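Here is how the chains run, residue by residue.
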Amino acid sequence: MNINTMNISHSTKNLEVGYFKPDWCDYTDLHKNVRSEIERIINDFFQRKREVRVPIIVAPFGAGKSTLLRYLAWNYWKRGIPALKVNLSVIVDLIENRLKEEGKSKESEDKLSEYFIKYFQRRMKELEDHIKNNRIEEAQKMLSEFVDMHISENILKYLEKNSWNDILEIINKANKVGLLLIDEVEEAFSRLVKIVHYQTSPLRGVFDDIYEHRIDYMIVFAYGPRTIAMELVSGITWRIQTFTIPPIPMKYIHKRLSRKLEELLKELSDKEKKLLIRALSNTVWWLSRGNAARATKIMDSGIIFELAHLLKDVLLDKKDVSEIYGEICFNSKFTHIFSEEIVERIPIFSIDLFEKYYRILLQRNEKEAYLLTLLTLLPVSYTHLRAHETEADL
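Anyway, here's the lowdown on the structure attached to this text. (Residues numbered from 1 in each chain as written. Predicted model: local features only at pLDDT ≥ 70, side-chain atom pairs only at ≥ 80, totals over all residues. Heavy atoms only, no water.)

### Structural notes on the nonpolar core
Ranked by size, the top nonpolar core spans 83 residues in total, and within it W77 and F221 carry the most contacts. Broken down by element, the residue count for this core peaks at nine residues, all from helix α4 (residues 112-132). In this structure, L264, L280, L287 and L307 belong to the second largest nonpolar core, which totals 28 residues. (Core = buried A, V, L, I, M, F, W, Y, C linked by side-chain atoms within 4.5 Å. Buried < 20%, exposed > 50% of the residue type's maximum accessible area, 1.4 Å probe, protein only. Helix = DSSP H or I, 4+ residues; strand = E, 2+ residues; numbered from the N terminus.)

Spelled out as structure tokens, the structure:
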């Protein structure tokens, strides 16, 4: 097979805010650039362009690393490239087992690529055997695992293939070429460090093999902040290219909450509705710090509806501010989210800060002071908030 003639055209259909089937969203141009640049690098590698650096996706937990890897797995199966998403811990287990069998304590860094490739080929062979022996249920389950999706529909439909023969044709490439997507590096990296002989990075040998095209398998890694800091200090930056997933924008949260709360807030005036949704959007953003997974979890939970319902009653004068103060600040329905920590011992929401800021703003407008203070969470200028009246300014 001539790798240069492989069909890797991009036919993904964009939905709202660049939404793709495996839940990856191009929320902003920055998100789009991260996705498209990683795809460009992968394409360059399969077209055998020289000195292609290894893509490293960097972001904290829940920011979208796994989702982006999942998208890449799905998309390259669609394009006819066998792909497999797996946690680094699985590969580390293989290395540890081999070392135990051979009575060794450490593996050489220049042999690590072999573990990734052999694992990839073995899994593809298992899938091939299921298909050829007409074990379609097992094949469906395994291929779903490869793309890290719990799929209720036919996996062939999901990957836009007509038959299992189409999948077999792709698997036949697995002994020559493939895409590995390595997730959860942060969790297994400390184990890897202990079992590899290396000078700069335990993965240096893998990076070199890809950069110098000694292997025809592209490997993309997803790092957390702590691990990538260790790698960058080691001096292997010329072999890798890092991509940081940015926070999701306030606009997206605002638009989504506007739709979710439309029926609930229909009694309010446009001005009151705008105030409440703006404040709730700010709440979600600060509680999540723009983290896509956490923001989605908060928006999909009942807490936003309960907050909106309580504060709507305040705006409609059905309840006094003092009545719901305790309900929000000290009710267990809310405190489990408000008490989450950004990092150890640094809470998302400070009751002390809330009370101090509330007293300052209370002199201006009791109703709006309460809403803005509670729901913005941080001491943002009251004047600044009032100056941003339109959705476009969020």
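### What about the sheet that holds strand β2 (residues 83-87)?
Strand order across the open sheet formed by five strands is β2-β4-β6-β1-β7, with parallel pairing between neighbours. Looking along the sheet, the strands with just one partner apiece sit at the ends: β2 and β7 (240-244). Strand after strand, the sheet turns through a mean of 20° between neighbouring axes, direction not considered. Pairing analysis gives five bridges linking strand β1 (residues 54-58) to β7, with the strands arranged parallel. Each bridged residue has a counterpart across the sheet, and for V58 the counterpart in β7 is T244. Contacting β1, β4 (178-183), β6 (217-223) and β7, helix α1 (residues 29-46) crosses the sheet at an angle of about 155° to β7. Set on the sheet, α4 makes contact with β2, β4 and β6; between it and β2 the angle comes to about 120°. (Pairing = 2+ DSSP bridges. Axes fitted to C-alpha atoms, helices over the stretch in contact; angles between N-to-C directions. Contact = heavy atoms within 4.5 Å.)

### Focus on the pairing of β1
For a regular strand, side-chain orientation follows a simple rule: the groups alternate between the two sheet faces. When you tally the buried positions in β1, you get five out of five residues, the bulk of the element. Along β1, one buried face is formed by V54, I56 and V58 and the opposite face, lined by P55 and I57, is buried too. As paired strands, β1 and β6 are joined by three bridges and run parallel to one another. By the bridge assignment, I57 is partnered in β6 with A222.

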